[in-house]
Number of protein chains: 2
Amino acid sequence: GDGYGGGGHARTPPPPGASLQSHNYEPDESEVWRAYVAQQHFSNRGQWWTTGKLRALKRWMLTLVVGVVQAMIAVLCNFCTISLMETKFNHVYDLLEHNRLSAIQNPDGSGGRSGEDGGGDNGGDSYGFYTADGHLDMNQDGIPDSEQQASDELSNKHWVNFGYSPFAALLFYNTIFVLVAAAFVWIEPVAGGSGVPEIKCYMNGIDLPRIVDFKTLVCRVAGVTFSVASGLPVGKEGPMIHSGSVVAAVISQGRTKFWGVDTSFAKFSDFRNDREKRDFVACGAAAGIASAFGAPIGGVLLSLEEGASYWSTNLTWRAFFCAMITLGTLFVIGNEDSEWGQANLQKLFSLGEFTSIGDGSSNFSVWELFVFILIGCLGGLIGACFNAGCENMTLWRMKNVNYSKGRRVIEVLLISFLCTTVSYVMPVLWGRCTELPTDMQDWTNQEKELVSNLVPFNCVPGKEYNEVASLYLTEADVAIRQLFHFRETGETDSSTFSSAALFLFFVPYVTLAAVVFGTAVPAGLFVPSLLAGAAFGRLFGHLLHKLDHTSGTFADSGTYALIGSAAVLGGTARMTISLTVLLLEATGNMQYVLPLMLTVMAARFSGNVFNEGIYDIVIHLKHIPFLEPEVPTIAERHEIVAGQVMSTEVKCLRPVERVGIVYDLLKSVGHGNFPIVDTASSGTLYGTASRAMLCTLLQRRAFGQPHDVNNGHYHSNPDGSTDYSELLGPKRLSPLVQWDTIERVYPCYPTIDDVLLRPGDRNCWLDLRPYANTAPYTINETASIQRTYRLFRTLGLRFLCVVNHNNQVVGIITRVDLLPESLSDSIMRGRNAHMTRSVSR
Amino acid sequence: GDGYGGGGHARTPPPPGASLQSHNYEPDESEVWRAYVAQQHFSNRGQWWTTGKLRALKRWMLTLVVGVVQAMIAVLCNFCTISLMETKFNHVYDLLEHNRLSAIQNPDGSGGRSGEDGGGDNGGDSYGFYTADGHLDMNQDGIPDSEQQASDELSNKHWVNFGYSPFAALLFYNTIFVLVAAAFVWIEPVAGGSGVPEIKCYMNGIDLPRIVDFKTLVCRVAGVTFSVASGLPVGKEGPMIHSGSVVAAVISQGRTKFWGVDTSFAKFSDFRNDREKRDFVACGAAAGIASAFGAPIGGVLLSLEEGASYWSTNLTWRAFFCAMITLGTLFVIGNEDSEWGQANLQKLFSLGEFTSIGDGSSNFSVWELFVFILIGCLGGLIGACFNAGCENMTLWRMKNVNYSKGRRVIEVLLISFLCTTVSYVMPVLWGRCTELPTDMQDWTNQEKELVSNLVPFNCVPGKEYNEVASLYLTEADVAIRQLFHFRETGETDSSTFSSAALFLFFVPYVTLAAVVFGTAVPAGLFVPSLLAGAAFGRLFGHLLHKLDHTSGTFADSGTYALIGSAAVLGGTARMTISLTVLLLEATGNMQYVLPLMLTVMAARFSGNVFNEGIYDIVIHLKHIPFLEPEVPTIAERHEIVAGQVMSTEVKCLRPVERVGIVYDLLKSVGHGNFPIVDTASSGTLYGTASRAMLCTLLQRRAFGQPHDVNNGHYHSNPDGSTDYSELLGPKRLSPLVQWDTIERVYPCYPTIDDVLLRPGDRNCWLDLRPYANTAPYTINETASIQRTYRLFRTLGLRFLCVVNHNNQVVGIITRVDLLPESLSDSIMRGRNAHMTRSVSR
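A quick note: this is a predicted structure, and the numbers were derived from the prediction, not measured.

(A) Molecular detail of the overall build of chain A. The helix and strand inventory of chain A stands at 31 helices and 13 strands. Sorting the 841 residues of chain A into buried and exposed places 62% on the buried side. Contacts in chain A between residues at least 24 apart in sequence constitute 79% of all its contacts with a sequence separation of at least 6. For chain A, the computed accessible surface area is about 30,900 Å², with 59% contributed by carbon and sulfur atoms.

See below:
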């Protein structure tokens, strides 16, 4: 039929993910496109205010709107999460206190009012006192002495007093919340998980279905609100990045069919292409980070670290602007009630401000830098183990869970039960009560507030707290701040988190986080990593402090917690510069720039010895054809040329083709692009046509009658070149579909199944010349894989025509052909595979 | 001769800068290159430790060395500058004090000891007291009452007491220093100016001669030491960026002939290409910023903002690593003497740490953000005026000064005299003495130190200071810190810089800075802009404070100084993200992230209304073919295709060519690359050969005897394609020059003048096929300028072959063809210029 292809190898079976389409960042430079552009230039002639300037203005305005909307979403999401968690924890704390007081009355835990030993005399009063005033009195100091006595006794009998009712309440709330979160993922499966890998793929140029739809946004944001509230070890930062991206995509495209209404505005048609959409998504991702951490520059850098291949200076400024607007909006919303508009620094720095300990000297010594490098290396190890755990869990889950939505929900419920149990049993096991610090004269407001947030799990409220419960049974943000900023007092670490408590928290928490990762709830990874890392770092600091605590600030536990956070998150996600800036912005103290840099760099290096970053692992597990920024390492060990890696199954069309042939071709193969070759001129490449374009043409019946063209035979000159003059003359079909028609259809192009041909149509002629992209990117078959990869990846191409010296198409390279697996195949195929000319005439 | 070219237009006259060569970031993918790569792969087969890994290790090690060396250079340069300035100022302060005391003795200023009125009684003692103990007693407090009286009288008579001797001393030192600085620029002219535009061009892909040579490094660093010490309004930050880049280039290439010794090490031959060199230069630039401001992340971002087009994730990490090492080295060197290794924050934050005023609230109100935006806009205006002034000065200088080295030195001397006069006369004119603050109980160490740095110009040392002199007659860094951190006390601004003093400093200083910019001394722009901006911002803050000073921290003058700095520097250099991070890192307080972002963004927007950034202005004035990241705006108003912009003066070679023809071609044209076309196969593109390669081949006599080839006539098949089998057979010349030979010659390739042909050589055959780059980047003549520009700029190409559908070369595009001027020419030439087929057969 098409006269080409089939001469080479056929890759069997097709790699998974081959069905995913790439984005198309370049317009098809066809005659109709040129006519459209020329018309625009004509309408702008001599004017100062051109459509180009209008477009730029609209672009900046939309970026501004994206920033504001994302900030509002973040505020709303945050408010809901905190409300849900407060409701839950207030109820649970109430029941715990109830339980404690009744245990004082009935110390044997039998449940009846037997009152056989001490504490029973005023137990009734205490109970009554409690029920009368509710939990608001929890933190008051006037606790009867006898209660104190009873409490001391109680600490030796914690097994007896497990407290079934608070546990049941906790389980009830967590199960409800997790069910709601899972329900949103049930509605829209792509709303599950972190969202960062998906956005990474999107910025890499892969068109994952539904990833930037409005429905996804709703499910993602609502789902993460509940999944965070359910007490699972998940964060809302990854989903916030995703949310920002979707907001940007939705607002810039101005079109959704979620509510059954087409809300498209013709005004934004300028931005209806993959390139503009991608740029907006990158800006939105930066805004997402800015809204999650209050880290605008970290957000820009994260976008940039992931999308560096196509990054432009203009895009930097837009992402910077978008993140700035988000932060500004948060700032204004967060501080509307403060006196004289003074911003509250606790609201500004999402992880709490690190204050300098000494006047004019840093919080760490010069030689502690080497300790930080060591922590970084350990963090890399922990991250590598965590990643390996996640990978194996996900592999198991893909085999045994993921094939049914019901199973996924059951898995989530089981895991939620596990998490709830651990987070309740661990404090019970710990059982010890630690006294609150009493001398807080020189403490900052932030530190005083942190002390009031400690959890009196089975301890006397306002006087004591349970160290383990203060980490497990609280919001993750608060727990991170406790670890970062709760001051060590005295020579011994009596009134803070002890090493044993940190250990009892760190190990189960990391394990649970690895188990949770990848389940069917929206779940970010940043906060769990930061929290686990903070516990690890503080633990490390404690051990160091025991070695030598005579010297001033050596082994300041807050500093070590920060470094530990950076190490573990760096070891998990393998980010460097964006993570450093992010933590600096979230903690507000610039003196940590060098320690953080050293730590994340060390974590990255040591982690990379064992495996890749968690996001890359997820991408590979999902078999998404993700192109790394650099040529795969396999290409460094073997000589590979473009002619080897290309797919030789090229289906070509002629410049003027029968409708029937085009229809059959589109029906039979799923390719996204088809080279158009000039059969008259010894098969040189004339241009390319995209599937979307061909389907649109067929659907709009842009073809002529059989007699309009000279039966498809060209008149060739004696020297072998085609004489187009005849076809370019009056007999030539004028283009029946204009560029703006095609642009307006984006991105919902018709498929071949939408095309209905009438009986006589198959013999009609489709003149592809006005629609063909006449300047496709090509590469010679002798080009090295390095050059090919760089061309493809740097320009974000969708396909690349491989030609020989005579400009004849010998193959086509798509994203899938450049993956490491495909390159291995190519090496098997041998060095001179491309010598077998696959183009037959 | 060559049978091609000449059919199209000839651009007359050639644009200036056309002689500058582009870098070559891609290897010529020829047969010898492939053989070399294959040999490397063969030697690595089955091994774990491959040469690729060794190369990566070496790359990281060299990056580490670059970081350390640049830190040491910065420390040395800093130490020398401070020593020179201290010597100068101590002497001048001594003479000033001497002058003051003698004026008290002789208040009429007649010079003789007439003693006709008050103060003469113990004047002699006072004089004797001074000479006995020297200037070390300057700051003591025990000043006789009579002296105080005299001083009060004196303030009304400052005109009488101009003080010729301190002025002469100042002039003497400044002239000597500026002469030394000018001498270094005399030795190496490219060491003059800021250095940032040059590095920007280098990263853009332009091979400016001698810009990364060792000699340039020496002259640059030594010159800037003296030019800063000479009291000109110049900074050392721009030159430090340049220095870092040169250090990186020199160390990575391991080769210099500056000392007459070839210090090349064969071990670093892996990095002997433009791509590796550029990457090292980018890392070095980041290290330069890190060393100048202690701002490693700002450094990475600056490199990235300038080099975003080719930026890769790997390069981010390397630049990050390099900047980190530099900062770490500075940190270790700077703190080696501190107790227990505690770092001094004053050393960590180069512009002094901003402390938070209130506990837990920010230093600014929410609505002050709008004031900051206003300051940003004003800063953009100031920057635009400054840039326009610099541009006009430079244009005048290019016409009237630059043609002679002597004139340039005389100009520098005159400007130095002007600066010295202004900086001395202004304090004299001011004449008022302000009392030092006395109640400094709750001041930080940093503030106390700043107070001790105030200059008692004709005032009582230790009790009073001259506000204007404290800004003019001190190091610029200290002046910036004064403006940033000197505390306002009381309701009135009595004990700090008054508005009038700030105005008297700001206006002349900005004017002088614009005059100095572009003279023949190494001169950075960052510090002058920051200093001028700080004065402007503080002035603005004062005016606001006068409007309403009842509210807490409203219009904190230090904050306004910082914002003013950001505004003016942002308005001058038009950087956004890197400048924000840089200032945050240099002042150490993260709460300013949003104000700084808003300010620099506003400055950029408002400045761009009037002109471009100063660095772009310099680049355009020098007529360097700099390619902007985006397509020039002219392309947005006109439809331009590749066939229009290309140069049709293509000189082609045949795959096997007579030596004489090659020699004549190289002699007659200066092109850097020549397409090789297959005349037998209707002139399709076979490959390309670079000038460097051709000269090397000729010099090494890699050609065969006239009878080795079938007289240069190919045997053509009936279908028109060439039958290479005959030539590929045993008769084919084996490559006589291997790839590593060519790589080893880099970058000092022979020129055509180095080639000496013997009489019989002209008839010999040069077989170019093993050396031809068979996969050059090509573009179809119908491609739009947008696509062409993106391909060229994104991949950092040196040239781009324009072909038609039959792969025949119709033109060639180089950097010069894509400049806005050339594009305007193309539009004149008309839409269908490319239709005139320029290739004759």
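(B) The arrangement of the packing of helix 19 (residues 526-547) of chain A against helix 20 (residues 557-573) of chain A in detail. All names here are of chain A. Where helix 19 contacts helix 20, the two axes come as close as 6 Å, and the packing angle between them is 135°. When the axis of helix 19 is compared with that of helix 20, the two are oblique. Relative to helix 20, helix 19 is oriented so that their crossing is right-handed. Each of Phe526, Ser529, Leu530, Gly533, Ala534, Phe536, Gly537, Arg538, Phe540, Gly541, His542 and Leu544 in helix 19 lies in contact with helix 20, whose residues at this interface are Ser557, Gly558, Tyr560, Ala561, Gly564, Ser565, Val568, Leu569 and Thr572. Residues that form the contact of helix 19 with helix 20 fall into these classes: 10 nonpolar, 10 polar and 1 charged.

(C) Summary view of the sheet that holds strand 11 (residues 778-780) of chain B. Residues and elements named next belong to chain B. On the basis of which strands lie adjacent, the open sheet formed by 3 strands has the order 11-12-13 and mixed pairing. Both outer strands of the open sheet, strand 11 and strand 13 (809-814), are each paired with one neighbouring strand and no more. Strand-to-strand twist in this sheet, taken as the mean axis angle between neighbours without regard to direction, amounts to 30°. Bridge count for strand 11 against strand 12 (residues 799-803) is 3 bridges, and the pairing is parallel. For asparagine 780, the partnering residue across the bridge sits in strand 12 and is valine 803.

(D) Representation of the pairing of strand 13 (residues 809-814) of chain A in the model. Across the 6 residues that make up strand 13 of chain A, a large majority, 5, are buried. Here strand 12 (residues 799-803) of chain A folds back onto strand 13 of chain A in antiparallel fashion, the turn holding 5 residues, of which asparagine 807 of chain A has a positive phi close to 65°.

(E) The arrangement of the environment of leucine 413 of chain B in detail. One can find leucine 413 of chain B in helix 14 (residues 405-430). Sequence-distant contacts of leucine 413 of chain B, defined by excluding residues within four places in its chain, comprise Thr175, Val178 and Leu179 of chain B.

(F) A look at the pattern of salt bridges. Following the criterion strictly, the structure yields 35 salt bridges over all chains and no others. A salt bridge links arginine 275 of chain A to glutamate 26 of chain A; its shortest N-O distance comes to 3.9 Å. Residue arginine 275 of chain A is found in helix 9 (residues 274-293), and its partner glutamate 26 of chain A is found in the loop between strand 1 (21-22) and helix 1 (31-44); the two are separated by 249 residues along the sequence. For arginine 769 of chain B, the salt bridge is made with aspartate 767 of chain B, and the minimal N-O distance between the two is 2.7 Å. Across this residue pair, the class does not change: arginine 769 of chain B and aspartate 767 of chain B are buried. Residues joined by salt bridges that share partners form a network here, namely Glu26, Glu29 and Arg275 of chain A together with Arg787 and Arg790 of chain B.

(G) View of the state of the cysteines. For the structure shown, the criterion picks out 2 disulfides over all chains. A disulfide bridge connects cysteine 433 of chain A with cysteine 459 of chain A, and the sulfur atoms are separated by 1.9 Å. On the sign convention where negative means left-handed, the S-S torsion of about -90° between cysteine 433 of chain A and cysteine 459 of chain A marks this disulfide as left-handed. Here cysteine 459 of chain A lies in the loop between helix 15 (445-452) and strand 6 (464-465) and cysteine 433 of chain A lies in the loop between helix 14 (405-430) and strand 5 (434-435), a separation of 26 residues in the sequence. Here cysteine 433 of chain A falls in the partly exposed class, since its relative accessible area comes to 24%. Using a relative accessible area of 0% as the deciding quantity, one classes cysteine 459 of chain A as buried. Take cysteine 390 of chain B: it sits in no disulfide, and the sulfur closest to it among the cysteines is that of cysteine 385 of chain B, at 11 Å. On the accessibility criterion, cysteine 390 of chain B (1% relative accessible area) is buried.

(H) Region of the structure containing helix 8 (residues 237-253) of chain A. In this model helix 8 of chain A runs 24 Å from its N-terminal to its C-terminal C-alpha over 17 residues, within 8% of the 24 Å that 1.5 Å per residue would give. Burial analysis of helix 8 of chain A places 17 of its 17 residues in the buried class, the great majority of the element.

(I) Representation of the packing of aromatic side chains in the model. In this structure the tally under the stated criterion is 50 aromatic pairs over all chains. Taken together, a centroid distance of 5.7 Å and an interplanar angle of 70° make the contact between phenylalanine 271 of chain B and phenylalanine 280 of chain B edge-to-face. Per residue, the accessibility class of phenylalanine 271 of chain B equals that of phenylalanine 280 of chain B, and both read buried. Aromatic rings pair up to connect Phe331 of chain A together with Phe354, Phe364, Phe372, Phe484, Tyr560 and Tyr592 of chain B into one cluster. Taking NZ or CZ as reference, arginine 278 of chain B lies 4.2 Å from the ring centre of tyrosine 25 of chain B, over its face. Positioned over the ring face of phenylalanine 280 of chain B is arginine 318 of chain B, at 4.6 Å from the centre of the ring.

(J) Region of the structure containing the relation of the copies chain A and chain B. After a rotation of 180° and a shift along the axis of 0.1 Å, chain A superposes on chain B with an RMSD of 0.1 Å. Here the transformation between the copies is reduced to the relation of a two-fold axis. Among all C-alpha atoms of chain A, that of asparagine 807 of chain A lies closest to the rotation axis, at 2.8 Å. A share of 100% of the interface residues of chain A reappears at the interface of chain B, consistent with the copies meeting face to face through the same patch.

(K) How the structure looks around the sheet that holds strand 13 of chain A. All names here are of chain A. Spatial ordering of the open sheet is given by 11-12-13, a layout of 3 strands whose pairing is mixed. Looking at which strands have only one partner, the edges of the open sheet turn out to be strand 11 (778-780) and strand 13. On average, each strand axis in the sheet is tilted by 30° relative to the strand beside it, whichever way the strands run. Two elements, strand 12 and strand 13, share 5 bridges in a ladder whose sense is antiparallel. Directly across from valine 802, in strand 13, lies its bridge partner glycine 811.

(L) Quick look at the nonpolar core. Of all hydrophobic cores here, the largest spans 332 residues; its most connected members are Ile297 and Ile375 of chain A together with Ile297 and Ile375 of chain B. Sequence-distant contacts of isoleucine 375 of chain A, that is, excluding residues within four places in its chain, are made with Phe536, Phe540, Tyr560, Ile563, Gly564 and Ala567 of chain A. In this structure, Ile785 of chain A together with Ala642, Tyr789 and Phe792 of chain B belong to the second largest nonpolar core, which totals 48 residues.

(M) How the structure looks around the interface of chain A and chain B. Each partner contributes residues to the interface: chain A has 110 residues there, and chain B has 110 residues. Taken over both partners, the interface formed by chain A and chain B buries close to 9,500 Å², and the fraction arising from carbon and sulfur atoms is 62%. Summed over the shared surface of chain A and chain B, the result is 6 salt bridges. Of the charged contacts in the structure, one is a salt bridge between glutamate 26 of chain A and arginine 790 of chain B, with a shortest N-O distance of 2.9 Å.

Conventions and cut-offs
- Counting restarts for each chain: residues are numbered from 1 in the order of the written sequence.
- As a convention, the first chain written is A and the first ligand written is 1, with the rest following in written order.
- Note on the predicted model: pLDDT of at least 70 is required for a residue's local features to be given, and 80 or more for side-chain atom pairs to be given and counted; whole-chain, interface and lining totals, by contrast, use all residues.
- The basis for every side-chain value is the complete set of non-hydrogen atoms in the structure, without hydrogens or water.
- Helix and strand definitions here come from DSSP, where helices need a minimum of 4 consecutive H or I residues and strands a minimum of 2 consecutive E residues; each element is numbered from the N-terminal end.
- When a residue's accessible area, from a 1.4 Å probe over protein chains only, is under 20% of the maximum for its type it is buried; when over 50% it is exposed; and in between it is partly exposed.
- Residue contacts follow a heavy-atom distance rule, with two residues in contact if any of their heavy atoms lie within 4.5 Å.
- Residue exposure ignores everything except the shown protein chains as possible cover, and the areas themselves are Shrake-Rupley values with a 1.4 Å probe.
- Lines fitted to the C-alpha atoms define the axes, with helices restricted to the stretch that makes contact. Angles between their N-to-C directions range from 0 to 180 degrees.
- In these notes the angle categories are as follows: under 35 degrees is roughly parallel, over 145 is roughly antiparallel, 65 to 115 is roughly perpendicular, and the rest is oblique.
- Put simply, a crossing is left-handed when the front helix is turned counterclockwise from the back one by less than a right angle, and right-handed when it is turned clockwise.
- Gly falls in the polar group here, along with every residue not listed as nonpolar (Ala, Val, Leu, Ile, Met, Phe, Trp, Tyr, Cys, Pro) or charged (Asp, Glu, Lys, Arg).
- Paired strands, as defined in this entry, are two strands with at least two bridges between them according to DSSP.
- Salt bridge, as used here, is a side-chain nitrogen of Lys or Arg placed within 4 Å of a carboxyl oxygen of Asp or Glu.
- We call a pair of cysteine sulfur atoms a disulfide whenever their separation is within 2.5 Å.
- Multiplying 1.5 Å by the helix residue count minus one yields the expected span of that helix.
- Stacked, tilted and edge-to-face are the three classes assigned to paired rings of Phe, Tyr and Trp, where Trp is represented by its six-membered ring and a pair needs centres within 6.5 Å; plane angles under 30 degrees give stacked, over 60 edge-to-face, the rest tilted.
- Here, over-ring charges are defined by two tests on the NZ atom of lysine or the CZ atom of arginine: distance to the ring centre within 6 Å, and angle to the ring normal within 35 degrees.
- Alignment of copies: least-squares fit on C-alpha atoms of residues with pLDDT of at least 70 in both copies.
- Remark: nonpolar core denotes a set of buried residues (Ala, Val, Leu, Ile, Met, Phe, Trp, Tyr, Cys) joined through side-chain atoms within 4.5 Å.
- Reported buried area values correspond to the accessible surface (1.4 Å probe) lost by two parts on association, with both partners' losses combined.

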